[in-house]
Every structure is written in C-alpha cells, then in structure tokens.
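Descriptive analysis of the structure
Chain by chain, the residues:
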Amino acid sequence: MQKIFWFLLLATVVWGAIMQVEMAGYVKQPSRFGTELPPDCANKKTPPIAQIELSKTSACFASLIGPMKSTSPDATADGPENLRLAVRNTHEDYAFITLYWLTFLAFAWVLGKTDPRTRWLGAAVAILITVAAGLDLRENQLMLAGFCQIKEGNLNFVTSGVVSTVKWCVFGAATTALGIHCFVAEKLRLRKVIGGLLAVSGLLTLVGTLACKNPIPIGLFIAMPIALVSYFPWRRPKGKVVATFLIYAYLLRFPIINGLLLAVVLPAGYFYAPSIFYGLFDAMVPFSFFLICFAAFLLAIIIMITARITLAYAPDRFDDVSDTRPWVRSSWWPTILFSLLAVPMVVMTWRGSLSDPFSAWLRVAGVVLAALAALAFLYATAQFHAWLEETAGSNTVCFIYPPFRGLNAHGAPPNALSTGTAEAMDRVLPGNLDAGYIRQQIVGGKTELVLRSGHRVGTIALIATLLIYAVVGYFTSPSSRISNPAAMFYVLLLLCLLTWFFSGVAFFLDKLRVPVLTAVLGISMVLAAGWRTDHVFELHPLQSVVSVQDPSHVIDAWANFRKREQAPIVVVATAGGGIRASAWTTEVLTGLADDCESADGTQNAFTSSVVLISSVSGGSEGAMYFAGWYDGNGNTDPKQSGTIFDESARTDLGAVGWGLVYPDLLRTVPGVNFLVPQNFDRGSALEREWVTHWKSHAAPPQLSEWNDDVGRGTRPAVIFNATISETGNRFMAATTGLYEQPAEGRPAALQFFPTFTKEDMDVSTAARVSATFPFVSPMSRPDTDLKYAQLHLGDGGYYDNSGLLSALQWLMGAGPKLKGHPVYLVIIDAMSSEKSAGGVWSWQRQIVAPVGTLLAVRTSSQETRADIELHATMDDLGFNPEIQDKIKPVYFHYSADDRAPLSWHLLRTQREDIVTQWKSHQPSKYEPEMLQDLHCSVAGK
C-alpha cells in the first residue's frame with residue numbers, strides 16, 4: 001500500500017503543478033478590464049481560480065473573468081482567454097479531485113498500519129475528505145454552469161461561493177486530522193514534521209477561508225514534496241547504484257528523448273503553442289486518425305526495441321556495468337508499458353479532431369485497429385527473426401518480443417524462445433568476441449562468427465519500418481489521388497526514422513566515446529559541399545518579351561477597359577499569417593464583391609474597381625486565388641465566390657509534412673540525395689497542393705500571362721512580396737512596376753521581370769515564395785545561371801508583414817494619374833495583440849532576452865512603420881490639390897487569439913469563425929463611403 005500511496009502522491013503533486021502552470025496565463029488584474037472588483041469579491045491575494053470558486057454573487061464571478069467583448073479601443077481580449085483557461089482548469093480539476101481523495105485515503109491506511117491504535121483518526125480523515133471531494137464536485141458543476149451563462153451574456157446565475165466555502169472548511173479539517181494522525185502514528189522526526197505541517201496547513205485553510213476569504217494551504221504544498229522523499233517505498237540508492245543508473249540513462253538517451261517527445265512534448269504543444277499544434281492534431285478523416293494512432297504505437301514499439309537491445313548488450317560493452325544485468329526477461333509487460341507512451345498522443349489527437357464530423361465509434365475503431373496493426377508489426381518481425389535463426393533451439397532476443405505462441409527457430413520447441421535472460425541470450429559458445437556486436441555459433445560442426453541476434457532484430461524491424469515508409473510515401477504523394485494524412489502522422493513517422501538512426505549510431509559510437517550529435521554534425525558539414533541539398537524553385541523560358549506596366553499605365557489600361565474615367569480605385573494590401581490570413585483575405589474580398597453586385601448584372605462594382613493587390617505571406621495565397629477569379633474578359637463569376645474561399649481555406653499542412661519526410665529527408669542522405677531534384681521539396685509540395693485546390697485553373701498561370709492581362713486592364717496588378725535572405729532587401733514578383741527612389745549607396749528592391757529578362761515564373765510559385773513561413777517551407781533560390789540572381793528568398797513578412805509598403809510605393813508612382821479618382825486603400829490584417837505587462841526575470845531569461853527583443857521589435861516596428869508610411873504617403877500626395885483627401889484607408893481586422901493558426905491548416909470551427917467574423921464585423925470609418933462610392937447594390941452592412 002505504501003507504494004500505491006507514493007505513486008498517488010506523486011501523481012497528485014505533478015497534476016496539481018500542471019494545473020498551476022496552466023493558470024499562469026490568467027489575467028490577475030481585473031482593473032485592466034475597466035471595472036473594479038465588487039466589494040463582496042474574494043481577497044485579491046487569493047489565486048484567481050480560488051477567487052472564482054469563492055464568489056458569492058454572479059457580478060463578482062463575472063468581473064473576475066472580464067468582459068467577453070471589446071467595447072472600446074482600450075478594452076482587452078483577456079476575458080475570453082480567462083474563460084477558456086478557467087473552463088479547462090475546472091475540467092482538469094475532476095482528475096485532481098480523484099487523485100487527492102485517493103491520496104488521503106491511502107495515506108490514512110498507511111498510518112493506520114503503522115499504529116493500529118490511531119485508526120479512528122484515519123476513519124475521520126476518510127469521512128472528511130470524502131465530504132470535501134463531494135462538495136468539490138458540486139462546486140465544479142456550478143462553476144461550469146456559470147461559465148456557460150457568462151458566455152451567453154447572462155449574468156444572473158447561482159455561483160459556487162457557499163459550496164466552495166464549506167468545501168475549503170471541510171478540506172482544512174481533513175488536512176488537520178491527517179496531520180494529527182501522522183504526528184501521532186509516526187516515530188521518525190521527519191515524518192512528525194510532515195504531520196505538523198499538515199496540521200498547521202489545515203488550520204490556516206480553515207481560518208483563512210472564514211476570516212478573509214483566502215484559503216492558505218501553503219503548508220500542504222511544502223509537506224507533500226517532503227512526503228515524497230520520506231515515504232519513498234524502495235531502499236535508498238547507494239553511490240554505485242546511482243552511478244550505474246546514470247550510465248544506463250546516458251546510453252538510453254535517444255530512446256528517452258523520443259519517448260518524452262511522444263508522450264509529453266508533442267501533446268503539451270497543444271496547450272502551450274496552439275497556433276502551431278492545433279492543426280497538427282486535427283486528423284480530419286477516420287483514415288488519417290488511424291494513421292496517426294498507428295504511427296504513435298509504432299514509435300513506442302521502436303523505442304522499446306532500441307532501448308531493450310541497448311540494455312541487454314551494455315554489460316558486454318562497458319566494464320563499468322559489466323557486473324549488472326538489467327531485467328530483460330520476456331513478458332507482455334514491457335510491450336504494454338512502452339505502448340502507454342502513445343496514449344497521450346492518441347488522446348490529444350482524439351481531442352484535436354473533435355471539430356470534424358466523424359463519430360466516436362469510428363475513433364474507437366481507429367484506435368483499436370492502430371494498436372492491432374502495431375502488434376502485427378511486432379509479431380511479423382518476431383516471426384521473421386525466428387525463421388532466420390540458424391541454430392535449432394538457440395535462444396533468440398526473446399526479451400524484445402512478448403511471448404508469442406508458436407514462434408520457434410527451425411523447429412525448436414516454442415518454450416526454447418520464451419525463456420532465458422540477458423546472461424543466456426543468443427550465446428552458443430561461452431564468451432563473446434565482440435563486446436556486443438557478433439557471436440560464435442556452431443553450424444555443421446564448424447564455428448562461425450555471426451551478427452548477434454539483437455542486431456538482427458533491429459535490422460528486420462528497421463527494414464519493416466522503411467517498407468511502411470516507402471508504401472505510405474508512394475500512396476500519399478502529391479501526384480496520387482489519396483489525400484495527405486494529417487501532418488502529425490508525418491511528424492511521428494519522422495521520429496520513428498530518427499529513433500532508429502540516432503539509437504543505432506549511438507550504440508556504436510558510445511563504445512568509442514565519440515559524441516553522437518557532434519559527430520553527425522561534423523560529418524554533415526564536411527560532406528555538405530558535395531551534397532545537392534540546396535532548395536531551388538523552377539523558372540520557365542519566357543515565350544515573349546514582357547513589358548511591365550508602371551503604375552500610371554496600369555491605371556490608364558484599367559480606366560480604358562472599364563470605361564470608368566472618374567470611378568473609385570481600390571488598392572488592396574493584405575498581410576501575412578499563414579492559412580488564416582489566406583482565408584480572411586478571400587473572405588473579405590469575395591464578401592465585398594457579394595455586397596457589390598452591379599444592378600445590371602454586368603461588371604461587379606467591387607472587383608471591377610480593384611486595380612492593385614499587394615500581398616505578403618499567407619495573404620499571398622488568398623491574393624492568388626482572388627486574382628485568379630478574373631477571366632480573360634475581366635469578369636468574375638458570382639457563383640464562384642464561395643469556391644474562392646474554400647480554395648484558400650483548404651488544408652495544405654499534410655503536403656508540407658509529406659515534403660519534409662520524403663524529398664527533404666532524402667536529400668540529406670549521401671548517395672540518395674542525387675536522386676532528389678533540387679526543385680522538389682516541401683515548398684513545391686505545398687505549391688502543388690495549392691494548384692490542386694485551384695479548380696478554375698487546370699495548370700498554374702504564369703506571371704507573364706497575368707502581366708499581359710494587366711496591360712489590357714482585365715485583371716488587377718499583383719505584387720507578391722518576399723525577402724532576400726542574403727541582403728535583407730525585398731524581392732517582388734509583380735505584374736506592375738513601382739516608384740523607387742533608393743538611398744545613396746543602397747541597392748533597390750529586386751523585381752522579378754527587370755532582373756530575369758528571359759525567364760518566367762508560375763503565379764503559384766510567386767505566392768509560395770512570398771509565403772515561405774519559417775521552417776514550414778524552405779528558403780529557395782531561382783533555378784537560374786545568373787550568379788547575381790541566385791538569391792534565397794524568405795517570407796515577405798521579414799521585411800514588411802502588411803503589404804502596405806509596396807502598395808504605398810505604387811500609389812506614389814501613380815501620382816497625377818490618381819486625379820479625379822477616389823482612392824480606397826483596403827487593408828486586410830489581424831488585430832494587434834495586447835503587449836505583455838512584463839514581470840520578474842531570471843538570469844536565464846536575461847540570456848535569451850536579446851533574441852526575444854529582436855523578434856518583438858520586428859513585429860512592433862513594422863506596425864509603427866506601416867502606420868507612419870501610410871500617413872506620410874497620404875500627406876505627400878495631398879500636396880497636389882487635385883488629389884488631396886482622395887486616399888482613404890479601409891481596415892478589415894481579424895480578431896485573432898493565440899490559437900489562430902500560423903501554418904497551413906484550419907480547423908472546421910476556425911473556418912466558421914472567419915465567416916462569422918466577416919458577417920458580424922463593424923464597418924470601419926471609410927467602409928460605408930467606399931460602398932456608396934462604388935454604387936453597390938448593398939451599401940454597407
């Protein structure tokens with residue numbers, strides 16, 4: 001029972017710590033919401049979740065959460081975030097209630113066994129803690145109901161204040177009784193200290209709850225870690241044992257690291273980096289859900305195989321542990337325990353896929369089939385390994401496999417393979433010649449040296465993994481008809497391969513005392529010069545001479561074709577932000593087009609007024625789909641407006657995962673990399689996925705085609721903004737020229753067509769290069785022989801994440817041509833998030849502070865600079881009295897939170913949220929005027 005108590009205590013401490021860490025993001029200064037706390041609220045020094053629990057009025061309860069909607073420019077968005085944190089913490093509290101209830105009962109049982117005369121105190125503890133747990137459950141029910149009422153805008157509901165007050169009092173009494181029980185029953189001084197701390201903590205909790213609405217269980221937080229040490233159920237390890245443990249921990253570092261990645265780091269990313277991990281855990285369809293679960297179980301099995309081979313052979317390889325033999329006996333328990341590493345991944349995938357409409361039964365079936373498939377993998381490798389054994393009855397590495405019935409080596413009795421320990425493992429003659437690599441065996445009366453059985457197992461399992469890798473890669477490639485699985489599957493598949501690689505390399509290099517990561521890095525740097533590891537994007541021969549139109553000629557061509565001499569001009573600047581920015585861009589632009597259908601059914605009043613689109617990063621994908629909506633006659637089919645949004649919101653992250661695990665991984669393997677074209681990578685896979693979604697185009701158009709359309713006035717000019725990695729300058733793949741006045745000695749921004757006079761580029765490539773989100777897609781260079789143009793291009797957001805700079809330069813170049821035209825600058829972006837309030841730093845935080853400041857400055861300086869540039873351009877153009885007051889910014893801000901995706905996948909709920917935000921958005925200052933000027937059939941919302 002003491003062991004059970006210790007594990008329960010450990011689980012309670014860990015789970016409680018996790019809940020406390022998660023609540024660190026809760027805003028503790030409600031006065032920032034613009035309202036003071038009601039006088040009947042709890043003590044301000046009380047933790048926020050306890051304040052909510054003890055709230056006796058709905059006004060106090062709601063004020064602690066904060067406003068759910070921004071009612072003024074100064075209002076914060078912390079209310080919804082606080083609500084989300086509080087709801088999640090309350091759900092997690094159900095598990096915590098179960099843990100602390102069982103811990104108290106187990107502790108009382110252990111103390112009763114120590115001193116039977118005090119069992120009556122244990123009974124009192126059991127009764128009190130059971131009552132407290134029951135009240136805690138009722139408290140959670142009332143709190144969750146209150147959260148629902150707040151979300152719906154209802155501030156008249158029953159709070160948990162009275163129940164919570166009684167709960168804390170009963171909990172304090174239970175803690176006091178447990179402390180007295182421990183103090184009386186135990187004889188060791190340290191354990192009496194634990195009892196004293198518990199008793200004092202219980203009294204403080206009772207008094208604090210009644211006197212100042214502030215329960216103070218701090219003594220409990222001190223006593224529980226001490227109890228973990230004092231009640232440790234095993235003998236204290238001595239120096240030799242600790243040293244041996246550290247040696248084995250080092251030898252097993254790669255299985256341990258990958259196990260932590262599988263069971264802890266990746267699942268935790270769902271909570272701590274939701275903008276990245278939400279999309280990874282969304283399986284979308286049942287088959288993808290099955291693949292993710294299978295990959296998780298497969299990775300757990302690979303970790304088991306590599307770890308147990310290392311454990312078994314370590315005594316033969318290292319003198320420091322030669323007198324130890326780790327327990328590696330064959331049984332089902334290792335397989336079951338290692339398979340538990342996959343459970344958090346399965347749970348988070350289940351949770352992350354809740355927005356997709358496939359039933360719980362399909363999910364259960366997916367988990368069961370995935371577990372069976374992983375077990376079939378293990379059985380197949382065991383069967384094949386047994387078949388390869390040369391010597392009948394020889395003892396194989398049975399410690400890796402569960403005791404499968406019927407497995408034998410060339411007719412050996414089944415039991416011959418289900419026995420044995422590491423000492424008897426695959427040894428035919430006494431002694432080993434190899435320190436864990438080869439062994440002696442007798443075949444036909446002759447002694448032979450053969451590879452040891454464990455390495456055969458590893459080789460067979462590795463080959464089986466590579467077969468799975470090859471089959472999945474073939475059937476889910478961009479050229480196949482099967483859609484890509486969710487990106488998390490490819491992440492887990494990559495971890496499977498890395499586990500094999502690093503564990504295998506470490507097995508051989510550890511004997512030589514060579515650091516694995518240093519060796520791999522050094523070898524890769526030596527061989528890098530001869531490897532074809534660079535990334536390039538494809539260019540096409542230019543079919544005819546391209547004449548790029550400057551801004552004034554673009555306006556002339558547009559006015560002549562549209563027959564709109566004095567009509568308004570719409571210039572669009574759309575910012576970055578991954579697929580969220582792409583979908584928001586198309587939702588805004590097609591939404592305006594839907595609101596602005598012309599009365600006579602000919603030209604659309606909005607789309608026929610758009611003259612320029614300047615885009616960055618994710619906005620470039622949306623701009624590509626929107627500009628591709630125009631046909632050769634300059635018209636847009638209103639029936640396709642919904643299709644445009646669907647194209648921009650379709651998930652592309654699976655294609656990126658495929659590109660990472662296949663062409664990009666293979667290009668790092670010497671010898672194999674020469675088979676992978678340099679223009680075939682995860683960036684090209686992403687681009688191919690975009691083109692697959694682009695229903696109106698069988699093949700991607702080229703920039704020269706769109707440039708010709710701009711010259712005729714049938715399509716708006718586009719500027720896809722990117723950043724040159726080598727120089728930090730802008731790169732623009734554009735169908736229009738720009739006004740430029742570079743400073744003395746500084747190079748101007750690089751434009752595609754003036755630089756590349758004999759080559760062309762796909763529009764999809766231009767958009768993809770602009771959207772080179774860090775690490776998601778690679779920085780690539782043009783496939784050209786021009787030495788000065790072999791520059792690597794990154795995301796346009798490095799230089800300007802709004803797209804405003806190029807749009808303003810274009811307006812400066814238009815100059816007098818804007819005469820008589822009202823100009824509306826449509827700015828599509830996400831609403832700026834509130835800056836951090838700051839806090840206390842440690843010396844470790846000081847080390848990373850320069851990098852953090854650099855990243856923060858990049859964002860904040862761009863926002864400030866864009867605002868200054870906008871007003872400076874308006875003032876500059878305003879010097880011309882004929883243009884003055886003609887440029888009017890129209891803002892369309894998306895209210896994003898920390899869960900808004902930054903990569904290439906949208907949850908179904910996030911898609912719906914984008915549509916909802918468009919339908920419910922409040923028109924900015926000049927939006928009604930723009931709609932009225934365009935003579936729209938719907939003038940405003």
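Residues numbered from 1 in each chain as written. Predicted model: local features only at pLDDT ≥ 70, side-chain atom pairs only at ≥ 80, totals over all residues. Heavy atoms only, no water.

**Points about the overall build of the chain**
Within the chain one finds 31 helices and 14 strands. Within the chain, the proportion of its 941 residues that are buried is 54%. Contacts in the chain between residues at least 24 apart in sequence constitute 76% of all its contacts with a sequence separation of at least 6. In the structure as shown, the chain presents an accessible area of about 42300 Å², 64% of it carried by carbon and sulfur atoms. (Helix = DSSP H or I, 4+ residues; strand = E, 2+ residues; numbered from the N terminus. Buried < 20%, exposed > 50% of the residue type's maximum accessible area, 1.4 Å probe, protein only. Contact = heavy atoms within 4.5 Å. Areas by Shrake-Rupley, 256 points an atom, 1.4 Å probe, with all protein chains shown as cover.)

**Re the packing of aromatic side chains**
As enumerated under the stated definition, the model contains 34 aromatic pairs in all. Centre to centre, the rings of Phe254 and Phe502 are 5.3 Å apart; their planes meet at 20°, and the pair counts as stacked. With a gap of 248 residues between them, Phe254 in helix H10 (residues 253-272) and Phe502 in helix H17 (residues 487-509) connect regions that are remote in the sequence. Accessibility expressed as a relative area gives 8% for Phe254, which makes it buried. A network of ring pairs unites the aromatic residues Phe96, Tyr100, Phe104, Trp168 and Phe171 as a single cluster. When the ring centre of Tyr250 is taken as origin, the NZ or CZ atom of Arg253, which lies over that ring, is 4.0 Å away. We note Lys511 situated over the ring of Phe318; from NZ or CZ to the ring centre the distance is 5.7 Å. (Phe/Tyr/Trp six-rings, centres within 6.5 Å; stacked < 30°, edge-to-face > 60°. Lys NZ or Arg CZ within 6 Å of the ring centre and 35° of its normal.)

**Thoughts on the packing of helix H20 (residues 578-595) against helix H21 (residues 618-627)**
In contact at an axis separation of 6 Å, H20 and H21 are set at 35° when each is read in the N-to-C sense. Where H20 crosses over H21, the two elements pack in a sense that is right-handed. Contacts between H20 and H21 pair Gly578, Ala581, Ser582, Thr585, Thr586, Leu589 and Thr590 from the former with Gly618, Gly619, Glu621, Gly622, Ala623, Tyr625 and Phe626 from the latter. Its residues assigned to classes, the contact of H20 with H21 shows five nonpolar, eight polar and one charged. (Axes fitted to C-alpha atoms, helices over the stretch in contact; angles between N-to-C directions. Left-handed = near helix turned anticlockwise from the far one by under 90°. Nonpolar A, V, L, I, M, F, W, Y, C, P; charged D, E, K, R; others polar.)

**Considering unusual backbone geometry**
Positive phi, normally seen in glycine, also occurs at Arg513, with a value near 60°. Tracing the backbone through its elements, the reader meets Arg513 in the loop between H17 and helix H18 (516-527). Arg513 gets classed as exposed once you look at its relative accessible area, which sits at 61%. The backbone phi angle of Ser617 is positive, close to 50°, even though this residue is not glycine.

**Side note on helix H28 (residues 804-814)**
Along H28, nine of the 11 residues are buried, which leaves the element largely enclosed by surrounding structure. If you check which residues of H28 are buried, you get Leu804, Leu805, Ser806, Ala807, Leu808, Gln809, Trp810, Leu811 and Ala814. Where H28 terminates, the next one or two residues include Gly815, which has phi positive at roughly 50°.

**Notes on the side chain of Asp664**
Inspection of the secondary structure assignment puts Asp664 in helix H23 (residues 653-666). Accessibility expressed as a relative area gives 6% for Asp664, which makes it buried. There is a polar contact of 3.3 Å between the side chain of Asp664 and the side chain of Arg667. For Asp664, the residues in contact, after removing those within four places along its chain, are His535, Gly659, Phe680, Asp681 and Arg682. (Polar contact = N/O pair within 3.5 Å; in protein donor to acceptor, adjacent residues only side chain to side chain.)

**Quick word on the nonpolar core**
In this structure, Ile305, Leu492, Phe606, Leu703, Phe720, Phe731 and Trp904 are the most contacted members of the largest nonpolar core, which totals 134 residues. Among the elements that line this core, the one with the most residues is helix H12 (residues 286-317), at 18 residues. Excluding anything up to four places from it in sequence, Trp904 contacts Gly578, Ile579, Gly618, Glu621, Thr651, Asp652, Leu653, Val656, Leu686, Trp690, Ala771 and Val776. If you look at the next biggest cluster of nonpolar residues, it comprises 34 residues, including Trp6, Phe107, Leu178 and Leu198. (Core = buried A, V, L, I, M, F, W, Y, C linked by side-chain atoms within 4.5 Å.)

**Regarding the confidence of the model for the chain**
Regions with low pLDDT should not have their predicted coordinates read in detail. Here the chain shows a mean pLDDT of 81. Residues at 70 or above account for 82%. pLDDT under 50 marks residues 391-396. Its contacts with residues more than four places away, or in other chains, come to 22 contacts. In this model, residues 408-433 is a region of pLDDT below 50 whose contacts with residues beyond four sequence positions or in other chains number 65 contacts. (pLDDT = per-residue confidence, 0-100.)

**Digging into a nonpolar patch on the surface**
Nonpolar side chains collect at one region of the surface, where Trp332, Trp333, Ile336, Leu337, Leu340, Val343 and Val347 lie side by side and expose about 680 Å² of accessible area between them. Among the elements of the structure, helix H13 (333-339) and helix H14 (343-352) are those that each provide at least two residues to the nonpolar patch. Counting residues per element, the nonpolar patch draws most heavily on H13, which supplies three residues. Note that Val347 resides in helix H14. (Patch = residues over 30% accessible without salt bridge, like charges linked within 9 Å, V, L, I, M, F, W, Y side chains within 5 Å. Salt bridge = Lys/Arg side-chain N within 4 Å of Asp/Glu carboxyl O.)

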